[in-house]
Structure formats: C-alpha cells, structure tokens
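These are the residues of each chain, in order.
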Amino acid sequence: MALLKVKFNQKKRVKLAQGLWLMNWFSVFAGILVFSMGLFLKIELRKRSEVMDNSESHFVPNSLILMGVLSCAFNGFAGKICYDSLDPAKFAKWKPVLKPYLALCFLFNILIFFVALICFLMRGSLDSTLAQGLKNSMKFYRDTDTPGRCFMKKTIDMLQIEFKCCGNNGFKDWFEIQWISNRYLDFSSKEVKDRIKSNVDGRYLVDGVPFSCCNPSSPRPCIQYQVTNNSAHYSYDYQTEELNLWRRGCREALLHYYSGMMSSMGAVVLLVWIFEMSVMVGLRLLHTSLESIANPEDPECESEGWVLENSLKDTLKSALESLKKIGKFNQVQAEGEGAEGEEGGKTPAITTVS
C-alpha cells in the first residue's frame, strides 16, 4: 500500500505546482538567511580568535554557509521544475532527472538536520577551546613589546570590559601568572626581589588583577592590588565583602554568548529543515501525480500521487535486499578475480620426449 496516497485532478495539480513554486522561492530566502547566519557567526568567532585554542569552532559557521548555498541552489532548481510542470511539454524533459534529484534532496535534508543538531551540541567543544585559548592568551598579556603579541593586552582588556568578566574561570587566575611586564618593575626594590625569589619559575606574582576587571558600577574605588590583604584597605574584608571586581570568568561569559547564539541559529535551521521536508514531500507528490496520468493527451484526467509507492516497512525491506544483492555481487566478482589470478599463476607441465 502506497504511503500518503492522494488523488489529483488538473486543478489540484496546478495549485500544488504553483504552491510549491512559491515555497521554493521562500526556501531560497531561507537559504540566504542560513548563509548570513553562518557568515555572522564566523565573523564573531574571528573577532575572538586570539583567545581560542583551535579552529574546531569554525565547523558550525562553515556548515551553515555551505547549507545556505546548497539550499539556494536546490530550491532554485526545484522552483524551475515546478514552473515547467504547468506545461506537459516542458515537464517531459525533467522526468529522467526527478528521481535522482529527489534522492539528493533527501540527503540534503539529512545534512540540514545534522547541522541543526551540531549547533546545539557544540557547547562542549567550544568550552574546551575557550578554556585553553584564554589560558594561553593571559600568559601573553604582559608581552606588549613582542611582535605578534603586542596587541594581546588590549584584546584581553577589551574582552573583560565588554563581557564584564575577569580571568579565565575567575579573577584568581591572574594571581597565578605574571601579567606585569618586566620593563615596569623596579628590580632594585626589595619587595620585587623577594617576590621573584619566592617563586620557583622566577616570576613576579601578585594578588592583583588588571584594571579591566574592575566593576565601574561599584561605589567603592576599585581594589585591584592586594585583593586578599584585608589590612591593606580600610574597612575591607576579603572573605565577606562583595568585591568590586567582575566575579564571572571570561570563559563562562564567552561560552554563554556563543552557545546562546548557536542555539538560536540551530532553532532557525530546524525550522528551515521542516520547511524543506514539506517542500520535498510536495515535490514528490507532484512528480508521482504527473507520472501516473493514464492518458497524457488528456491533461484534465485524474491521477494519483504518493510519497512512497509501498509502505515504509516494505520500502526499507526492499532497500536492504538491494544492498545485500550489491554486496553479494561484489563478493562473487572479487572471488572470480582471485580464481583467475590463481589460474594465471600456475605454470603448465612440459613433457619432453627423447
């Protein structure tokens, strides 16, 4: 029994073709939207590429860009088919390519669904990328005189100000690295010498943070040095008082920003996938309804359209049988080639008569 079997007359076939033509052009605009989202996400990721560990995160925007281009191409082509289906003479040239085209549409829709899922599932990969990238970038904060790293300080300061964050996981991350350049340290000072000697790696570590970690909304002047020293500040308790530094780490802030953006894009792509599936089903109904016309010379006669000629179970069973036949044919062919090789390798016995 055919799946989604529908009876059509000429009026219904014309309406279906016109509706599909319109839907395909809407899908072209949807493809442009997906392409634009991918381009926007790629630009946003490139803005923060210096604080990211690798380029794995660009898989999502690249996939969106590719899906957007393919959507425009597939739906533009389908729109032309639907337009020509109104004229039987023009539609005849498309009949041989419709089945392969529908198979490609099916694969394309699987890819769109896969990209939509990836948009929701990339959070873990993005988290590790940001964590390692920020950790490495913070080490170069002080290298304002090193070629290739001289803008890292500005990048991290602008990042912390824009996203209202501090450090990788929090402001204490700055306590573990030397973020003050040696050119601004007085090495004749006893305090500087003691701090450097007390560290195994010979680094100048302080319980302080860059100015960009300060919260400008705080009524108290920013305490960015000796953050953990209660006696260094009047009426200050490090343990109980709410610090006037940003509490949230930049990894969490960026992860929330990008994962929220990707989730929104994933929802849009999922809607586009539903729309594309409905267009593919409609095109299949149009194709089968035009092919099943009993009398091609009488275009007004009724016909039947369906999505699958047999039930879903029977279709899957026949597809599996076809795959098995292809596998057996390849196996027999390989065995035959092996046997020929063995026969060719034998040397015939030669009998000499004296």
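Residues numbered from 1 in each chain as written. Predicted model: local features only at pLDDT ≥ 70, side-chain atom pairs only at ≥ 80, totals over all residues. Heavy atoms only, no water.

The chain has the name Peripherin-2 in an unreviewed UniProt entry, where Tauraco erythrolophus is given as its organism. Entered under Sequence similarities (unreviewed entry) in the UniProt record, the comment concerning the chain runs "Belongs to the PRPH2/ROM1 family." Of the comments in the UniProt record for the chain, the one headed Subcellular location (unreviewed entry) reads "Membrane". (UniProt positions renumbered as here; feature names shortened; annotations may be inferred.)

A. Geometry of the overall build of the chain. Assigned secondary structure in the chain consists of nine helices and two strands. In sequence order, the secondary structure elements of the chain are arranged as β-α-α-α-α-α-α-α-α-β-α. Scored against the burial criterion, the 354 residues of the chain give a buried share of 39%. A sequence separation of at least 24 residues applies to 72% of the contacts in the chain between residues at least 6 apart. Accessible area of the chain: about 21,200 Å², with a carbon and sulfur share of 60%. (Helix = DSSP H or I, 4+ residues; strand = E, 2+ residues; numbered from the N terminus. Buried < 20%, exposed > 50% of the residue type's maximum accessible area, 1.4 Å probe, protein only. Contact = heavy atoms within 4.5 Å. Areas by Shrake-Rupley, 256 points an atom, 1.4 Å probe, with all protein chains shown as cover.)

B. Region of the structure containing the packing of aromatic side chains. Inspection of every chain in the model, using the stated rule, returns 11 aromatic pairs. Plain terms: the ring middles of Y141 and W174 are 5.1 Å apart, the flat faces sit at 70° to each other, and that makes the pair edge-to-face. Placement of Y141 in the loop between α5 (123–139) and α6 (152–163) and of W174 in the loop between α6 and α7 (190–197) is noted, with a sequence separation of 33 residues between them. Within the aromatic cluster, the residues linked to one another by ring pairs are F74, F77, Y101 and F108. (Phe/Tyr/Trp six-rings, centres within 6.5 Å; stacked < 30°, edge-to-face > 60°.)

C. Structural context of the state of the cysteines. Evaluation of the coordinates by the stated rule reveals three disulfides. What pairs with C165 in a disulfide is C250, and their sulfur atoms sit 2.1 Å apart. The S-S bond linking C165 to C250 shows a torsion near 85°; that makes this disulfide right-handed. Taken together, the positions of C165 in the loop between α6 and α7 and C250 in helix α8 (residues 250–291) put the pair 85 residues apart, joining distant regions of the chain. Relative accessible area serves as the criterion here: at 0%, C165 is assigned to the buried category. Counting its disulfide-bonded cysteines in sequence order, the chain shows a connectivity of 1-6, 2-3, 4-5. (Disulfide = S-S within 2.5 Å.)

D. Up close: empty space enclosed by the protein. On inspection of all chains with the given rule, the structure shows three cavities of 30 Å³ or more. For the largest cavity, the calculated volume is near 90 Å³. Lining the largest cavity we find N24, F74, N75, A78, Y101, C105, F108, N109, E276, V279, M280 and L283. At the level of secondary structure, the elements contributing two or more residues to the lining of the largest cavity comprise α2 (59–84), α4 (95–121) and α8. (1 Å grid on protein atoms, 1.4 Å probe; cavity = no way out; pocket = protein on both sides within 12 Å on 5 of 7 lines; lining within 4 Å. Points joined across faces, edges and corners; volume = space filled by probe spheres on them.)

E. Region of interest: the pattern of salt bridges. With the rule as written, the count across this model stands at 10 salt bridges. Between K153 and D157 there is a salt bridge; the shortest N-O distance is 3.0 Å. You can see K153 and its partner D157 sitting in helix α6, four residues apart, about one turn around the helix. On the basis of relative accessible area, D157 is assigned to the buried category, the value being 4%. For K190, the salt bridge goes to D194, with nearest N and O atoms at 2.8 Å. (Salt bridge = Lys/Arg side-chain N within 4 Å of Asp/Glu carboxyl O.)

F. Geometry of the environment of C82. Note on placement: C82 falls in helix α2. Exposure remark for C82: the relative accessible area of 1% places this residue in the buried category. In this structure, the C-alpha to C-alpha distance between C82 and Q18, residues 64 residues apart in sequence, is 7.1 Å. Those residues in contact with C82 that sit more than four places away from it in its chain are A17, L20, W21, N24, L283 and L286.

G. Spatial organisation of the UniProt feature "transmembrane region" (unreviewed entry) in the chain. The sites that carry the UniProt feature "transmembrane region" (unreviewed entry) are, in the present numbering, residues 20–41, 101–122 and 255–275. Taken end to end, residues 20–41 is 100% helix and 0% strand, and its two terminal C-alpha atoms sit 31 Å from one another. Here residues 101–122 is 95% helix and 0% strand, with 31 Å between the C-alpha atoms at its ends.

H. Seen up close, the nonpolar core. Membership of the largest hydrophobic core comes to 55 residues, with the highest contact counts inside it found for L41, V60, L64 and L254. Broken down by secondary-structure element, the contributors of at least two residues to this core are α1 (10–47), α2, α4, α5, α6 and α8. Beyond its immediate stretch of four places on either side in the chain, V60 contacts L41, I118, C119, M122 and M262. Of all hydrophobic cores here, the second largest spans 26 residues; its members include L185, V192, C214 and L243. (Core = buried A, V, L, I, M, F, W, Y, C linked by side-chain atoms within 4.5 Å.)

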